[in-house]
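Overview (structure and organization)
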Amino acid sequence: MKIPGLSFSLKRALGITAAKQKISRKTGVPMTKQGLERKVGRFVIDAIFGTKKK
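Residues numbered from 1 in each chain as written. Predicted model: local features only at pLDDT ≥ 70, side-chain atom pairs only at ≥ 80, totals over all residues. Heavy atoms only, no water.

**Considerations on the pattern of salt bridges**
Filter applied, for reference: In the sections that follow, a salt bridge refers to a side-chain nitrogen of Lys or Arg positioned within 4 Å of a carboxyl oxygen of Asp or Glu. Each helix is a run of H or I in the DSSP string that is no shorter than four residues. Each strand is a run of E no shorter than two, and both are numbered from the N terminus. Exposure classes here rest on a 1.4 Å probe applied to the protein chains alone. A residue is buried below 20% of its type maximum, exposed above 50%, and partly exposed in between.
With the rule as written, the count across this model stands at one salt bridge. Taking the shortest distance from any N to any O, the salt bridge between Arg42 and Asp46 comes out at 3.7 Å. Placement of both Arg42 and Asp46 in helix H3 (residues 33-49) is noted, with a separation of four residues, approximately one turn of the helix. The exposure class of Asp46 is buried, given its relative accessible area of 15%.

Now the structure itself:
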């Protein structure tokens, strides 16, 4: 039986989530699959159309 509002994450308990966040902030490269795809996709579009970031 689950208790509403109470959950447990082994990754958070071991500090894996925080470590990944720190690495991502320092390197500027997302550690998630979705974030990495977004960053690579943006790079490709910028390369094709020659747009620059402001």
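**What about H3?**
How we decide: Expected helix span is given by 1.5 Å per residue-to-residue step, counting one fewer step than there are residues.
Its 17 residues give H3 an end-to-end C-alpha distance of 24 Å, which sits within 8% of 24 Å, the value for a rise of 1.5 Å per residue. Phi for Gly50, located one or two positions after H3, is positive at around 70°.

**Considerations on the side chain of Ser24**
The following threshold applies: Distance and chemistry together define a polar contact, namely a pair of N or O atoms within 3.5 Å, with one atom able to donate a hydrogen and the other to accept it when in protein, and with adjacent residues in sequence counting only for side-chain atoms on both sides. The contact definition used throughout considers only heavy atoms, calling two residues in contact when any of these lie within 4.5 Å.
Of note, Ser24 is situated in helix H2 (residues 16-27). Polar contacts involving the side chain of Ser24 include one to the main-chain carbonyl oxygen of Val29, which spans 3.4 Å. If we skip the residues at most four places from it in the chain, Ser24 touches Val29, Pro30 and Met31.

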